[in-house]
Amino acid sequence: MKKICTFFGLLISMCLLLNVGFSSLSVKGAAAGNTEQTSDSNFTNLIVFARFADENEFVNDIYQGVSVREIIDNSYNTAYYSVGDYYRNASSDKLRMNSLYLFDNGGSLQLKHERGYYAGYSADNPIGYKTSGEKAYRMYELRTDWSDAINKAIQDGNPITNYNGSQTYSYEDLDKNRDGKIDSITVIYKNTTQNIVINRSDPLWNYKDYADYVEINLGDGRMLQSQYYVQVINNYSTLYMANNDQKPIVSLKSPIHEMGHIFGLLDLYNSSGQTPVYFMSAMANAISPVPQGLSIKEKEALGWTDDSTLKTITEPGEYKVKLSGTATGTDDCIGYKAGIPELNRTLYLEYRNFSTDGSKYDKSEKQLTNSETSNIKSGLVCYLAQPDIRFPSNLNGKPGNWALEVMGGTQSTKSDAALGLNDSLQVTDKLKVTVAAIEGEVLTFQIEGEMEQHVHSGGQATCTKKAVCEKCGKEYGEIDPTCHLNLQRQGFKEPTQEENGYTGDLVCTDCNAIVEAGEIIDKLPVTPPDGKPEPEIPPVSPGNPPVMLEGDKAEVSKNPDNNSGAVFRSDASFDSFVRVKVDNIELVRDRDYTARSGSTIITLLPSFLAGLSEGTHSIAIVSTTGTATADFSVISDPAPAPSAPVPPASTPVPPASGNTNTDGSSTDTVAGLVSETASTAGSANVSGNSSLPDTAQMKKDSSGTDIKSPQCGEKNCFTLLLEDFMEILKKVLIFLGFSSKI
């Protein structure tokens, strides 16, 4: 296997020496330009460079006449092929990523441990971990190591900048959707020549994971917190460039693949070495230093299609589809899907062109690393997908039960699976697809036979509108005169000593119906003759009293492992918030609940909910402008299967992770397939056996925050051996002040 990888590396190097590189590519087929203009970005990726305690600065190291920091900016922002441009292209410009930087006095962040501390023990690395327990804990330490370095750099006054520090940005630019979370962090470690072995699932492997230890104070009581991150180690010895811009970039296999995990995509290769998707998605097997595009199924999962760009077929007939990766109009149909009841699958169809006339990230002019890829057949690609899985994963699947597979062809690589002109595919005995014409960027196909008839479903009818089908986007059914979604309190009158007040009527602003009549408010008491005032009554704004916008009639689990809290939202402004009561008992903030703006959002914590009895309860969010109330129900559900023991919350042991080669090449190739968790997703141990718990289970860190297990590998830590757990528990007890003789 190593010899095959070496051969491919030599082939790339020879092409570069011969000035072949990436051939000059026409603008035709590009959905969007690169991200040199960042003013329209809607997603920020924060890049931080990190070096270990035993390493020197590297951001200004020069390769092929260009510094590391500029190579990375080319690779993420400005080159003809870049991570940002890839996702602009795949999303038809819906996802516009910009990568910004945090430096420490213009350089990388220094970590507190040496590199070998985060690798396995060997004769060459005596400081490495020796047990799976140590490995798991050091993976946690690595997350806190770079997180603490970021926090310190920010506290020391370092701003967010562009790659060379010539332009600064607000910290708020890191949170484009304003949810209080940093959109994404990419940690880039220094490349190394040390004799340290890094295996799949090791702390230093390339992967995506979760860490909420970075906190940025935005002022006014607002905090910005980290969430999902990617870590990579790049190889700068071999760089790539497109002839039309000559900007050196690193291999984009890992950065693009791991960023896909940030958005929710899962791995489409298989831990057993089978390749049901292969060439048809960058989340399967990369075929170039610049990966090919994503499948139409993945674009649907990410919300990059709608009923006009991905249409549903319910009748036999002739249909036209535009070339993948070239759509620029909102009505350009880039794919079709049809239910196949006979297979209990959904058929997806799209036009992929891998020739020199193809779309930007599919075309073969990128100088592919595998000679077989020059013969990839272009045409109509047909996929079968399990119907109820949004983000498919094939990691632990098997033939006959793939979450997503490419149909047709004879090659295991799926290089010949596409249907060319006049080619046919017998999907089932009752369903056949034939390509009738290919003209430029438009392919015409015919579909014959039986397919699932569309039945409208989903959506909600209201007092003024019919329900909208969640599958086809069309209205259906009848108006529901009892469903009022937009309510407003009207007619409020403040009481005085002379006149009664009125709470106001709850009115539907859509149909003007009075949903709930108001109540009389008694007159204010008259000051007694002795001149002593009555007890002070909290002031009430003369405006409309608050209304509970979210949370009324909610059902929440009593089991803290099966909920992340119950959320209620009052339309009162957050600066008027006073207190929260449940069943008329005042709660303690940050113990029983959390409060944040937008307008006023209250989250009852799982620990508090666990103490409530089953049945109906009431909540009151009290503001100076009035009180918003709601009812909610506490229900019981089965407790989850017990997980492996972990140390106390003060020293959490996080899950392990893993995925891409330290030289920047991806294991997602013919030369080496990565073991990874399946379908939202299972997990694989080091040997590739899929015997560990489901990584779709949300973990919780010490603050109670839900944490999704790492992806690519989307691997859990190995189930700790009892002796490893006892070893860690011993360290924790010593740390908490117990005798060292335990």
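Keep in mind it's a predicted model, so treat the numbers as computed, not measured.

1. Section: the environment of Val232
Here Val232 shows up in strand S12 (residues 228–233). Expressed as a C-alpha distance, the spacing of Val232 and Ser254, which sit 22 residues apart in the sequence, is 7.5 Å.

2. Quick word on the confidence of the model for the protein chain
Detailed reading of the predicted coordinates is not advisable wherever pLDDT is low. Taken residue by residue, the protein chain gives an average pLDDT of 80. The fraction at 70 or more is 75%. Here residues 1–37 is a poorly scored stretch, pLDDT under 50, and it has 83 contacts once near neighbours within four places are set aside; other chains count. Counting interchain partners and residues more than four positions distant, the pLDDT-below-50 stretch residues 639–709 has 240 contacts.

3. A short note on the sheet that holds strand S27 (residues 514–516)
Pairing is antiparallel in the open sheet, where three strands are placed in the order S24-S26-S27. Of all strands in the sheet, those with a lone pairing partner are strand S24 (487–490) and S27, marking the two edges. Within this sheet the neighbouring strands show an average axis-to-axis angle of 45°, counted without direction. Here four bridges tie S24 to strand S26 (residues 505–508), and the two strands are oriented antiparallel to one another. In the sheet register, Leu487 faces S26, and the bridge partner there is Cys508.

4. Side note on the sheet that holds strand S20 (residues 431–439)
Strand order across the open sheet formed by four strands is S14-S21-S20-S19, with antiparallel pairing between neighbours. The open sheet has two edge strands with one neighbour each: strand S14 (317–322) and strand S19 (424–428). When strand polarity is set aside, the average angle formed by the axes of neighbouring strands in this sheet is 25°. Here S14 pairs with strand S21 (residues 442–449) via six bridges, running antiparallel.

5. As for the packing of aromatic side chains
How two aromatic rings sit relative to each other is set out by the distance from centre to centre and by the angle between their planes. The full count for this structure, using the stated rule, is 27 aromatic pairs. When the ring of Tyr86 is compared with that of Tyr361, the centres are 5.0 Å apart and the planes differ by 75°; the resulting orientation is edge-to-face. Taken together, the positions of Tyr86 in helix H3 (residues 83–90) and Tyr361 in the loop between strand S16 (345–352) and strand S17 (379–385) put the pair 275 residues apart, joining distant regions of the chain. Exposure remark for Tyr86: the relative accessible area of 1% places this residue in the buried category. Residues Tyr137 and Tyr140 carry aromatic rings whose centres are separated by 5.5 Å and whose planes lie at 50° to one another, so their mutual orientation is tilted. A residue pair is termed a helical-turn pair when its members lie 3 or 4 positions apart in one helix, as Tyr137 and Tyr140 do in helix H4 (residues 132–155) at three residues. One aromatic cluster is present, formed by Phe43, Tyr80, Tyr81, Tyr86, Tyr87, Phe263, Trp304 and Tyr361 through successive ring pairs.

Thresholds applied
- Residues numbered from 1 in each chain as written.
- Predicted model: local features only at pLDDT ≥ 70, side-chain atom pairs only at ≥ 80, totals over all residues.
- Heavy atoms only, no water.
- Helix = DSSP H or I, 4+ residues; strand = E, 2+ residues; numbered from the N terminus.
- pLDDT = per-residue confidence, 0-100.
- Contact = heavy atoms within 4.5 Å.
- Pairing = 2+ DSSP bridges.
- Axes fitted to C-alpha atoms, helices over the stretch in contact; angles between N-to-C directions.
- Phe/Tyr/Trp six-rings, centres within 6.5 Å; stacked < 30°, edge-to-face > 60°.
- Buried < 20%, exposed > 50% of the residue type's maximum accessible area, 1.4 Å probe, protein only.

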